[in-house]
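What follows is the residue order along each chain.
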Number of protein chains: 2
Amino acid sequence: MKWDDLPNEQCSMARTSVVLGDRWTLVILSDIFLGVRRFEDFQKRLGISRTTLANRLRLLEQHGVLTQRQYEERPPRFEYRLTPKGMGLYPAVVALLDWGDEHYSDAAGPPILRRHTTCGHDFAGMLHCSHCHEPVTPHDVEARKRTADNRFAEVRRGPVNRRGS
Amino acid sequence: MKWDDLPNEQCSMARTSVVLGDRWTLVILSDIFLGVRRFEDFQKRLGISRTTLANRLRLLEQHGVLTQRQYEERPPRFEYRLTPKGMGLYPAVVALLDWGDEHYSDAAGPPILRRHTTCGHDFAGMLHCSHCHEPVTPHDVEARKRTADNRFAEVRRGPVNRRGS
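Residues numbered from 1 in each chain as written. Chains lettered and ligands numbered in written order. Predicted model: local features only at pLDDT ≥ 70, side-chain atom pairs only at ≥ 80, totals over all residues.

Participant: Now, about the relation of the copies chain A and chain B: what can you tell me, with residues and values included?
Facilitator: When chain A is fitted to chain B, the residual RMSD is 0.0 Å, and the transformation amounts to a turn of 180 degrees plus an axial shift of 0.0 Å. Between the two chains, the operation in question is that of a two-fold axis. Interface residue correspondence from chain A to chain B reaches 100%, placing this contact among same-surface, isologous pairings. (Least-squares fit on C-alpha atoms with pLDDT ≥ 70 in both. Contact = placed C-beta atoms within 7 Å.)

Participant: Residue-level account of the interface of chain A and chain B, with values.
Facilitator: Accessible area lost upon the coming together of the parts is a frequently used measure of interface size. Opposite the 94 residues of chain A that make contact, chain B presents 94 residues. Among the elements that take part in the side of chain A that touches chain B, helix α6 (residues 90–104) of chain A stands out by supplying 13 residues, more than any other. A class-by-class count of the residues in the side of chain A that touches chain B yields 45 nonpolar, 24 polar and 25 charged. Bridge analysis of strand β5 (residues 125–129) of chain A against strand β5 (residues 125–129) of chain B gives 5 bridges, and the strand direction is antiparallel. If you follow His128 of chain A over to β5 of chain B, its bridge partner there is Met126 of chain B. (Helix = DSSP H or I, 4+ residues; strand = E, 2+ residues; numbered from the N terminus. Nonpolar A, V, L, I, M, F, W, Y, C, P; charged D, E, K, R; others polar. Pairing = 2+ DSSP bridges.)

Participant: With reference to specific residues and values, describe the pairing of strand β1 (residues 66–72) of chain B.
Facilitator: Residues and elements named next belong to chain B. Sheet analysis places β1 next to strand β2 (residues 77–82), joined by 6 bridges and oriented antiparallel. For Thr67, the partnering residue across the bridge sits in β2 and is Arg81. Connecting β1 to the antiparallel partner β2 that follows it, the hairpin turn spans 4 residues.

Participant: Talk me through the pairing of β5 of chain A; I want residue IDs and the actual numbers.
Facilitator: Looking along a regular strand, one sees side chains alternate from face to face of the sheet. Extensive coverage of β5 of chain A is indicated by the burial of 5 of its 5 residues. Across the two faces of β5 of chain A the burial is the same, with Gly125, Leu127 and Cys129 of chain A and Met126 and His128 of chain A all buried. (Buried ≥ 20, exposed ≤ 12 C-beta atoms within 10 Å, placed from the backbone.)

Participant: Just give me the short version of α6 of chain A, but keep the residues and values in it.
Facilitator: The end-to-end C-alpha distance of α6 of chain A, which contains 15 residues, comes to 20 Å, matching closely the 21 Å that a straight helix rising 1.5 Å per residue would cover. For α6 of chain A, a buried count of 12 out of 15 residues is recorded, marking the element as mostly surrounded by other parts of the structure. Those residues of α6 of chain A that are buried lie in contact with α2 (23–32), α5 (84–87) and β5 of chain A together with α1 (11–20), α6 (90–104) and β5 of chain B. (Expected span 1.5 Å × (residues − 1).)

Participant: How would you explain unusual backbone geometry if you had to name every residue and give the values?
Facilitator: All names here are of chain A. Going from Arg74 to Pro75, the amide bond is cis rather than trans, its omega being -5 degrees. Along the chain, Pro75 falls in the loop between β1 (66–72) and β2 (77–82). With a phi close to 65 degrees, His133 is a non-glycine residue in the positive phi region. Checked against the element boundaries, His133 lands in the loop between β5 and β6 (141–145).

Participant: Describe the nonpolar core, naming the residues involved and giving the relevant values.
Facilitator: Ranked by internal contacts, the top residues of the largest apolar core, which has 78 residues, are Ala92, Val93 and Leu96 of chain A together with Ala92, Val93 and Leu96 of chain B. Excluding its chain neighbours within four sequence positions, the residues that come into contact with Leu96 of chain B are Met13, Thr16 and Ala92 of chain A together with Leu26 of chain B. (Core = buried A, V, L, I, M, F, W, Y, C linked by C-beta atoms within 7 Å.)

Participant: Go over the confidence of the model for chain A, please, and point to the residues and values.
Facilitator: Residue and element names in this part refer to chain A. The predicted model of chain A averages 86 in pLDDT, with 84% of residues at 70 or higher. Averaged pLDDT values for the elements of chain A fall to 52 in strand β7 (residues 154–157) and rise to 98 in β5. Overall, residues 160–165 carries pLDDT values under 50, and its contacts beyond four positions in sequence, including any with other chains, amount to 13 contacts. If you check the scores for this complex, the pTM reads 0.88 and the ipTM reads 0.88. (pLDDT = per-residue confidence, 0-100.)

Participant: Give me the lowdown on the environment of Ala95 of chain A, citing residues and values where you can.
Facilitator: Relative to the elements of secondary structure, Ala95 of chain A occurs in helix α6. Residue classification places Ala95 of chain A among the buried residues on the basis of 26 C-beta atoms within 10 Å. Once you skip the residues sitting within four places of it in the chain, Ala95 of chain A turns out to touch Gly125 of chain A together with Pro91, Ala92 and Ala95 of chain B.

Rendered as structure tokens:
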């Protein structure tokens, strides 16, 4: 089956993973959120081949996650900046980093701490509900699949409560 | 440079992306959180080759994201279940799905809605701070890198405020 033939139900993750489903892309993204902007800096930090790096950056640019901005006229030089669409990946990046911190840190702890400047404390990301603003766990989520007539009739429980498929 | 030689600073995302940095793996994960558990069901839903599917599931099992559980004795049959470590990926999965919903939905809207059963409303995931429980944006996060003596001295601003590197 071709990628495009995936059932509609999976399309949000399928399309997201076309952009992000690659080892280097995830690492490049986390570097961008640390403020890295220039090709040479990515290259030096990641030790990645120039071709691979250029391909990954081009893909992110094609998908509107990054844009190039000129920062020097002579010679003309460009840096990569997150677009608003790219900034929207921050919750995903934090969630992936937190998970990596929790499960793959060495004895000394995570390599980077993230401090919430509003309250002044290091934090881990928490998933909250956009409606009631309370925390969300997988146990209190129901997935409702869109049907052919564009209604959301079918209710399915999350990973815990649903009967075995 | 080999993957393992990445600077310590990138290790949380680098190690996470070894597990998740693959198109199929992300789609398999989002299916698991919809309650899909059995090899045949993944295979039917994703139309993926049996070999590819088996490889991805094995990787997730090796990394302790999934575990196999016998659900039938004669003949012996097994299904895949999320471990607590795997359940910890829920915030990342929701964030990636939300982003896909926002940017890649067709005109009729997202293929799946997620309802927060506690409040009864469909929701998008919000990133909140584990300390003050308030929402977090990339603009109010400072990254502090661990130094060689295991202190967190250096303060770096996020993607917006940091000077060009």
